[in-house]
Amino acid sequence: MAANTHFAVAVHALTVLAVHERLVTSEEVALSVQTNAVVARRILGKLTQADLVRSIPGKKGGFELARPAAEIDLAAVYRAVDAGATLKLPDKEPHQACYVSCGIKSVLQGLADRLDAVVDAELAGTTLADVVTQIPKT
C-alpha cells in the first residue's frame, strides 16, 4: 500500500512560497520538492482552489500565498489536497456467517473517527509560519 504524499508535497510547496518574497514558478516548486512540474501544478491548483495560494498568470507569473503564513493552518492544507481519512477502511460487505466480519467495521470506524479528530486538532494547531520557523537556514 502506497502512502499518499500530497499533504507533504503541499506543505513543502507552501513553505517554498512562504520563504520567497516574490512570485514562484511551478518549476521552482517542483525543483525544491524534487518532483515533476505537472505534479507541482496539480498540488498548487488544489491549494489555489482552497484560497491558500494565488496564481498569477502570464510570462512573469507564478504562485504566491493568498494570505500570511501565520493564517494558514495545516488542517486547511490537509483538506485542500484531499488527503482523505487517516485510516481507510475496506469497502467490502461483511461475511454474514462471521461475527468478527460483521462487527469489525463499526469498531474500526470508531477508531478512524478518533484518529481523524486527533490529526485535525494537531494540524489545526500548526501554521505554515510554524513550519517556516523550523526550517534551518544554512
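The preceding data block contains the structure.
The paragraphs below set out a description of the structure included in this document.

1. Some details on the packing of helix 2 (residues 26-33) against helix 3 (residues 37-49)
Running from N to C, helix 2 and helix 3 cross one another at 110°; their axes reach a closest spacing of 8 Å. The angle between helix 2 and helix 3 places the two elements in the roughly perpendicular class. Where helix 2 approaches helix 3, its residues Ser26, Glu27, Val29 and Ala30 are matched on the opposing element by Ala37, Ala40, Arg41 and Leu44. Looking at the contact of helix 2 with helix 3 residue by residue, the class counts come to five nonpolar, one polar and two charged.

2. Brief notes about the environment of Asp73
The residue Asp73 is located in the loop between strand 2 (62-65) and helix 4 (74-80) in this model. Residue Asp73 is classed as partly exposed on the basis of its relative accessible area of 24%. Those residues within four positions of Asp73 in sequence are excluded, and the remaining contacts are Leu123, Ala124, Thr126 and Thr127. Here Ala75 takes part through its backbone nitrogen, which lies 3.0 Å from a polar atom of the side chain of Asp73. Within the local environment of Asp73, its side chain forms a polar contact with the backbone nitrogen of Ala76, the two atoms lying 2.9 Å apart.

3. Comments concerning the nonpolar core
Taken as a class, soluble globular proteins show a tendency for nonpolar side chains to be buried jointly. Ranked by internal contacts, the top residues of the largest apolar core, which has 33 residues, are Phe7, Leu17, Val29, Leu47 and Val77. At the level of elements, helix 1 (6-19), helix 2, helix 3, strand 2, helix 4 and helix 6 (128-134) are the ones that each hand at least two residues to this core. Broken down by element, the residue count for this core peaks at eight residues, all from helix 1. Val29 has contacts with Ala13, Val16, Leu17, Val24, Ala40 and Leu44, leaving out every residue within four places of it along the chain.

Definitions and cut-offs
Residues numbered from 1 in each chain as written. Predicted model: local features only at pLDDT ≥ 70, side-chain atom pairs only at ≥ 80, totals over all residues. Heavy atoms only, no water. Axes fitted to C-alpha atoms, helices over the stretch in contact; angles between N-to-C directions. Helix = DSSP H or I, 4+ residues; strand = E, 2+ residues; numbered from the N terminus. Parallel < 35°, antiparallel > 145°, perpendicular 65-115°, else oblique. Contact = heavy atoms within 4.5 Å. Nonpolar A, V, L, I, M, F, W, Y, C, P; charged D, E, K, R; others polar. Buried < 20%, exposed > 50% of the residue type's maximum accessible area, 1.4 Å probe, protein only. Polar contact = N/O pair within 3.5 Å; in protein donor to acceptor, adjacent residues only side chain to side chain. Core = buried A, V, L, I, M, F, W, Y, C linked by side-chain atoms within 4.5 Å.

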